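# Fold and geometry: a report
Read off the chains here:
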Amino acid sequence: MVGHVVATGAGRAMMDRRGDPLHEFILGLTGKPKPRVLFLGTATGDNPDYIVSFYETYTADRCAPFHLRLFSRSITDLREFILSMDVVHVGGGNTANMLDVWRRQGVDVLLREAWENGAVMTGGSAGAICWFQGGTTDSYGPTLQILPEGLGLLAGSCCPHYDAEDQRQPLFHRAIQKGELPPGYAIDNLVSLHFHGAELVGAVSSQADGKAWRVAAEGDRIVETPIPVRHLVSTGGPGIGPSA
């Protein structure tokens, strides 16, 4: 009964796209008419603006939205709360700090349990990297570094923002070539990788020219293998409007 992972290149930028069909796609994976959706904004220190953006996108007419603050925690039984959710949406931000807080409070273990029980795990940027074994990050300042400490629900590494940040590709290539990161996946800002269990189903995007790749070392060179991207179009479900 292992669930899904939908890992997106951009975090807040995707959340602010109220009518992007990706949100509809994520909710549809639950198979429920009004799924329970949890937002984790740990990577931005539970920034209230990001939480508000979540509620403006995942509106009560399309799901039952909740959020969990870990910097000013009001939930005692995290296990009961997290395992009651159909979708867990992880916001972008500082991946390294987020993972440290999760591990301190046992959220890392609970997220794996929720996924193993069938929940849809999703998010962009930090909310994409976290599901893999590691990735590229700006957690330590403007010069990007590698982070080999993801939750490891999915094998391999993840590089978001592939079309938006010039440092990402060379760092990702170098880290894989040196064995500092395992082979993995690169995704453009508005592209999402969809996994069911640990298996890649494919890539989806509302951007017609969005791209994703498998990235691996073969001898002394890096090979990028394109992943076909399915173009998402809104079906006009609850709360769906034109993309921002």
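Presented here is an overview of the structure given in this document. All values derive from a computational prediction rather than experimental measurement. (Residues numbered from 1 in each chain as written. Predicted model: local features only at pLDDT ≥ 70, side-chain atom pairs only at ≥ 80, totals over all residues. Heavy atoms only, no water.)

Counted under the stated rule, the structure contains 8 salt bridges. The closest approach of N and O atoms between Arg 12 and Asp 16, which form a salt bridge, is 2.9 Å. Residue classification places Arg 12 among the partly exposed residues on the basis of a relative accessible area of 33%. With a closest N to O distance of 2.7 Å, Glu 165 and Arg 168 form a salt bridge. Among the charged side chains, a salt-bridge network with shared partners connects Arg 12, Asp 16, Arg 18 and Glu 56. (Salt bridge = Lys/Arg side-chain N within 4 Å of Asp/Glu carboxyl O. Buried < 20%, exposed > 50% of the residue type's maximum accessible area, 1.4 Å probe, protein only.)

In regular strands, side chains alternate between the two faces of the sheet. Relative to strand S12 (residues 212-218), strand S9 (residues 184-187) runs antiparallel, the two being bridged by 4 bridges. Residue pairing in the sheet places Ala 186 in a bridge with Trp 213 of S12. Judged from the 6 bridges that link them, S12 and strand S13 (residues 221-226) form a sheet pairing that is antiparallel. Counted as the bridge partner of Val 215 is Glu 224 from S13. The hairpin turn running from S12 into S13, its antiparallel successor, is 2 residues long, and Gly 219 in that turn takes a positive phi close to 65°. (Pairing = 2+ DSSP bridges. Helix = DSSP H or I, 4+ residues; strand = E, 2+ residues; numbered from the N terminus.)

Moving on: the pairing of strand S1 (residues 4-8). Within S1, 5 of the 5 residues are buried, which leaves the element mostly enclosed by the surrounding structure. Pairing between S1 and strand S5 (residues 120-124): 5 bridges, direction parallel. Residue His 4 lies in a different strand from S5, and its bridge partner there is Val 120. Across 5 bridges, S1 lies against strand S10 (residues 191-196) in antiparallel orientation.

Read from one edge to the other, the open sheet built from 6 strands follows the order S7-S6-S8-S9-S12-S13, with strand pairing classed as mixed. Each end of this open sheet is capped by a strand with a single partner; those strands are strand S7 (145-147) and S13. Direction aside, the axes of adjacent strands within the sheet are offset by 25° on average. Summarising the sheet, strand S6 (residues 134-137) and strand S8 (residues 157-159) pair through 2 bridges and their orientation is parallel. Each residue of the ladder has a partner; that of Gly 134, found in S8, is Ser 157. (Axes fitted to C-alpha atoms, helices over the stretch in contact; angles between N-to-C directions.)

Below, the discussion takes up the packing of aromatic side chains. Inspection of every chain in the model, using the stated rule, returns 9 aromatic pairs. Taking the centre distance of 6.2 Å and the plane angle of 90° together, the rings of Phe 66 and Phe 81 count as edge-to-face. In this pair, Phe 66 is assigned in strand S3 (residues 64-68) and Phe 81 in helix H4 (residues 78-83), connecting sequence segments 15 residues apart. Using a relative accessible area of 15% as the deciding quantity, one classes Phe 81 as buried. (Phe/Tyr/Trp six-rings, centres within 6.5 Å; stacked < 30°, edge-to-face > 60°.)

Let us now look at the sheet that holds strand S11 (residues 199-205). Strand order across the open sheet formed by 8 strands is S3-S2-S4-S5-S1-S10-S11-S14, with mixed pairing between neighbours. Strands at the two margins of the open sheet, each flanked by one partner only, are S3 and strand S14 (229-231). Averaged over neighbouring strand pairs, the angle between their axes works out to 25° when direction is ignored. Against the sheet, helix H3 (residues 48-57) contacts strand S2 (36-40) and S3, and its axis sits at roughly 165° relative to S3. Set on the sheet, helix H6 (residues 107-116) makes contact with S1, S2, strand S4 (87-90) and S5; between it and S5 the angle comes to about 125°. (Contact = heavy atoms within 4.5 Å.)

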